[in-house]
Amino acid sequence: MAHGRRKVAIVGAGASGVIAAVRLLTTAEERRIALDVLLVDPAKSTGRGVAYSTRESSHVLNVPVGTLSAVAGDPDHFLCWARIRLGRDVEAGEYLPRRYFGTYLDEVLEETEQRGGTARLRRVRERAVGAERRAGGIALSLSSGAVVEVQAALLAIGVFPPGCDWAPAEVRASSRFVRNPWAPGALASISDTEDVLLVGTGLTMVDMALALDRPQRTLHAVSRHGLLPRRHSSTPVPDFPAPDLSDCADLESLRGAVLQHVRTSARDGLGWRAAIDSFRPVTARVWSGLSEPDQERFLGSPSRLWEIHRHRMAPAVADQVRRIRTEDRLLVRAGQVLTGETDRDGLRVVLSDGRAVRVGAVVNCTGPERDPRAVRDPLLSGLLDSGLARAGPHGLGLDTAEDGRLRTAGPAAVPLWTLGSLRAGNLWETNAFPEIREQADVVADGILSLLDAPKTTRKPRDRYGLPLSTTRQAAEAFNEGVDRILRGQHGALERFADAVAADPGFVVGHATIALLGHEWGAPVDVASRMRSAVDAGVVRTDEREQSFVAAVTARMANPAAGGRALLSHIVDHPRDALAISVAVPTIAFGGITRGKDSWSLVESLGRTYGDDWWYSSQLAFVRQEQERWEEAETLAAGALAEEPASGHAVHARAHVFYETGAHRPGLAWIDQWIRQFGASADGRAHFSWHAALHELMLVDDTAVRRRYARDLAPPSVTGARVLVDSASLLWRCEVTGRPDDEAEVEPLLEAAPAEWLVRPPSPFAAMHAAIAFAAAHDADSLVRLQRHARDHTSSTFAEVVAPLCAGLAAIVEQRWTTAVDMLRFVRPKLSRVGGSDAQREVVEDTLVHALIRAGRQAEAADMLSARLDRRPSPLDELRLSELPVRHAD
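What counts, and where the lines are drawn
- Residues numbered from 1 in each chain as written.
- Predicted model: local features only at pLDDT ≥ 70, side-chain atom pairs only at ≥ 80, totals over all residues.
- Heavy atoms only, no water.
- Helix = DSSP H or I, 4+ residues; strand = E, 2+ residues; numbered from the N terminus.
- Buried < 20%, exposed > 50% of the residue type's maximum accessible area, 1.4 Å probe, protein only.
- Contact = heavy atoms within 4.5 Å.
- Areas by Shrake-Rupley, 256 points an atom, 1.4 Å probe, with all protein chains shown as cover.
- Lys, Arg positive; Asp, Glu negative; His and termini not counted.
- Charge placed at Lys NZ, Arg CZ, Asp CG, Glu CD.
- Salt bridge = Lys/Arg side-chain N within 4 Å of Asp/Glu carboxyl O.
- Phe/Tyr/Trp six-rings, centres within 6.5 Å; stacked < 30°, edge-to-face > 60°.
- Pairing = 2+ DSSP bridges.
- Axes fitted to C-alpha atoms, helices over the stretch in contact; angles between N-to-C directions.
- Expected span 1.5 Å × (residues − 1).
- Polar contact = N/O pair within 3.5 Å; in protein donor to acceptor, adjacent residues only side chain to side chain.
- Parallel < 35°, antiparallel > 145°, perpendicular 65-115°, else oblique.
- Left-handed = near helix turned anticlockwise from the far one by under 90°.
- Nonpolar A, V, L, I, M, F, W, Y, C, P; charged D, E, K, R; others polar.

Turning our eyes to something else, we now look at the overall build of the chain. What the chain contains, in helices and strands, is 39 helices and 16 strands. The buried share among the 889 residues of the chain stands at 57%. When contacts within the chain are restricted to residue pairs at least 6 apart in sequence, long-range pairs at least 24 apart make up 65% of them. Only carbon and sulfur atoms are counted for the fraction: they give 49% of the accessible area of the chain, which is about 37300 Å². Considering the chain, the positive charge centre built from 106 side chains and the negative charge centre built from 115 side chains are found 5 Å apart.

Shown next, in the form of structure tokens:
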């Protein structure tokens, strides 16, 4: 973006637009940013909007004066203003007419504007009718035909007029139908002597009832439930902390927790209002934590019960409503409008309970329309049609990121934000001014952080000199996270979380967290993190970072195509060590490349990295796979001399010991390393697995069982490792004749990532899920996993994982001939699933076991002999000696 004055447009000059303008102007002044804020709205005044433009004295604020303030850090600002304006000692608990708050917002904006400085306000008294993406930001089309180009825009358009889908055609066509009661002059044509039907029984109906109440008139109010908002307390509601809702897994458990919280509050003498109000700070988090089906269920009857208790009537208003109900001037019932017929005496309306009422007008009090697709607004329609915006969850408002930035229909973000009612789908409760004020702070920070990125500032760098488009604090946390991956240490995910907390707009940080969630099965909302990465946009990122995010996005959508995208990224950016770590099969990742492709990739990077310890660790692993044991040992030893905590070097050396049959020295060495560095090693469980393999090969059953109970059983091991290391060890012990009768597989399945057991993200994950099911003797789960793999788009799933599942299921069901056939078919293809020879060897041991049980001992003996020719193993020697024959004919 060019230097000089920045321009931001705010579409809408109501309460949300004004508070957003105030926060933008104030924050820009604090940061010394030259900013022009264009407030686009045809209204003559500011701060009113629908809510605060009413002149009716009976239309009062829904919350006390003392809870409202437009000035951060000064909670009594509106209260002090009201005392000065009204010339009396206004109490903090009073409910003033709403028009005063509109006047207050107008004056706050005017005072902010008059302070001047680097930020300036300009009113554009026109209607925005369109928006399109431009290279420098957004171009807004105005009703006059003019176009305004800005670097960012904020939609602060408040609430929509109410929808009319509920009304029969004959009612909608009648001149006695008031579609929008808030439209100027909407109620003027209603005669004082005519009865009125109010459709809807929420706060809009309350306002209309007070405005239309006449001694000689009957007001009929109807809604599907017939429920009225409850009454605010006349005394201050005491503070009451929200309950811990972390165990609420669904809507039903949440409902139980809320009711219990209300009962507790009432029991303690605080009343139900204290309990309901305590949820205000956590409502958005609770809403986002519900599944989509539970959210949909809540939007039915439960939402109405919540709303009438959460959004209450001021005490004086409630008293007046009660009075006119007592005097039969307001009749409230449950029902729906079925038909309507207009004649010269009025409109005869038939309700669903069979009653008919004759009224002079039907007033639509159903509340604002919440689906932007149903609103005839050219700006919103254009945004949705062009893909620059998309409807929010359940059709409520627009879909937004955590900072209010619009989510687009495509992968590229645009500098468009919103706040208030348009965020209902993501936040649920977002109309009240305190929530809008908080959102305005976040939006102002997000917009100005996007714009205030001087090109002359040198970006922070990662370990290998690549620029990071973020703050120095976030970069430090990110680099520590990458270093932990390169060293094979735990805590990387936490450091990446610290990075995006320090800079919520850190694109690569969000993408990296999503990638780890996908590859590791870590407890990460992958979709949400990728949305955050895309939402943060490309304005602050360079080509390398954009390439990385695009590759990760592709990996989420299609692992195979995404793998190719990541490899292409590495070709263009060979110093992206994080991307390389994901691509190459290691202790940390299942990898994208396999066999010789992995070797070629690592070897191609030699000139880029030289004798760097991390690269030497990677190359050492390649050399041991190539059975170049001495070179692997030299490289691993050199890397460990420079970085003793290098888990990848340790991993390579552990394989050298195992594959060369040096079980006793290998066990002694890795045990010593675990004692010294294992506490911080992400691969501690895997290194314990390596040690257990040595003990198994040495036929030390007691040591294997002790190590499993201490280092490999939950809760010592969690996540994917319970399958890759723990379950595979138990199965290997069983098929080699050394079962651990005290170990249970069920706790491993309970601790495993659920996705790995149902929809494994990779063939490597699927192989280990299948082995775990075999260890649990769960043939049904193996058959289910086989079907999933058979129907998978990946050929490796279909051609390797599916027959492996079939073979293991046959083992569990003791169909030995079928098991042998399936496992023999799979064995030469196993390298396609990834991982190491030592990991895949469990399938070979399973085949030997099946051959023995099928009575084909000679074939089993040949397999064991061939392996002993490759490396010594006391266990294989014992197994071979126990067979009645030594070789096949």
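There's more to say after this.
Here we come to the pattern of salt bridges. Enumeration according to the criterion identifies 66 salt bridges in this entry. Put simply, D725 and R721 hold a salt bridge, and the shortest N to O gap is 3.3 Å. Residue D725 and its partner R721 are located together in helix 30 (residues 721-735), separated by four residues, close to a single helical turn. Accessibility assignment for this pair places D725 and R721 in one class, buried. Residues joined in a network through salt bridges with shared partners are E659, R732, R827, E841, E844, D845, R867, R870, R871, D876 and R879.

All right, on to the packing of aromatic side chains then. Summed over the entire model, instances satisfying the criterion amount to 21 aromatic pairs. Between W287 and W428, the aromatic rings sit 5.3 Å apart at their centres with planes inclined by 25 degrees, giving stacked as the arrangement. Of this pair, W287 sits in helix 8 (residues 283-289) while W428 sits in the loop between helix 13 (424-427) and helix 14 (433-451); the two residues are 141 residues apart in sequence, bridging distant segments of the chain. With respect to class, W287 is no different from W428; both count as buried. Between Y609 and W614 the ring centres are 5.3 Å apart and the planes differ by 70 degrees, which places this aromatic pair in the edge-to-face class.

As a further point, take the sheet that holds strand 13 (residues 346-351). Read from one edge of the open sheet, three strands run 12-13-14, paired in antiparallel fashion. Strands at the two margins of the open sheet, each flanked by one partner only, are strand 12 (337-343) and strand 14 (356-359). On average, each strand axis in the sheet is tilted by 20 degrees relative to the strand beside it, whichever way the strands run. As paired strands, strand 13 and strand 14 are joined by four bridges and run antiparallel to one another. Looking at the pairing, L347 lines up with V359 of strand 14.

In a regular helix each residue adds 1.5 Å, so 14 residues correspond to 20 Å; helix 20 (residues 559-572) covers 20 Å between its end C-alpha atoms and thus fits that length. Buried positions along helix 20 lie against helix 19 (543-557), helix 21 (577-583) and helix 22 (595-603).

Geometrically, the link from P714 to P715 is a cis peptide bond, its omega value of 10 degrees lying close to zero. Assignment of secondary structure puts P715 in the loop between helix 29 (701-712) and helix 30. The phi torsion at E627 lies on the positive side, around 60 degrees, for a residue other than glycine. In this structure, Q814 takes a positive phi of about 60 degrees despite not being glycine. Along the chain, the position of Q814 falls in the loop between helix 35 (795-812) and helix 36 (816-826). Classification of Q814 as exposed rests on a relative accessible area of 53%.

A sheet is described by the order of its strands in space; here five strands give the open sequence 8-15-9-10-11, paired in parallel fashion. Looking at which strands have only one partner, the edges of the open sheet turn out to be strand 8 (177-178) and strand 11 (330-334). For strand 9 (residues 196-199) and strand 15 (residues 361-364), the ladder comprises four bridges, and the chain directions are parallel. For L198, the partnering residue across the bridge sits in strand 15 and is V363. Helix 5 (residues 203-212) rests against strand 9, strand 10 (219-223), strand 11 and strand 15 of the sheet, and its axis sits at about 165 degrees to strand 9.

What follows covers the pairing of strand 6 (residues 147-150). Only one face of strand 6 is covered, namely the face carrying V148 and V150; the face carrying V147 and E149 is uncovered. Pairing of strand 5 (residues 137-142) with strand 6, which is carried by four bridges, proceeds in the antiparallel orientation. Opposite A139, over in strand 6, you have E149 as the bridge partner. The loop that links strand 5 with its antiparallel partner strand 6 comprises four residues; one of these, G145, has a positive phi angle of about 100 degrees.

The pairing of strand 12 with strand 13 spans six bridges and is classified as antiparallel. By the bridge assignment, E341 is partnered in strand 13 with R348. Following strand 12, the chain reverses through two residues before pairing antiparallel with strand 13.

Moving on: helix 14. Here helix 14 spans 26 Å end to end across 19 residues, near enough to the 27 Å set by a 1.5 Å rise per residue. Across the 19 residues of helix 14, 14 count as buried, placing the element largely inside the fold.

Time to look at the environment of D483. Within the secondary structure layout, D483 lies in helix 15 (residues 472-487). On the basis of relative accessible area, D483 is assigned to the buried category, the value being 14%. The spatial distance from the C-alpha of D483 to the C-alpha of D462 is 9.5 Å, given a sequence separation of 21 residues.

Structurally, D612 is set in the loop between helix 23 (606-609) and helix 24 (613-625). Despite being buried, D612 has no salt bridge partner; R463 is the closest side chain of opposite charge, sitting 4.9 Å away. Within the local environment of D612, its side chain forms a polar contact with the side chain of Y464, the two groups lying 2.9 Å apart.

Here we come to the packing of helix 29 against helix 30. Two measures define how a pair of helices packs: the angle their axes make with one another and the distance between the axes. Two numbers describe how helix 29 lies on helix 30: the axes approach to 11 Å, and their chain directions differ by 160 degrees. What the angle tells us is that helix 29 and helix 30 run roughly antiparallel. Like other packed secondary-structure pairs, helix 29 and helix 30 cross with a definite hand, here left-handed. Here V704, Y708 and L712 of helix 29 come into contact with helix 30, specifically with D725, S726, L729, L730 and C733. Of the residues in the contact of helix 29 with helix 30, the class split is six nonpolar, one polar and one charged.

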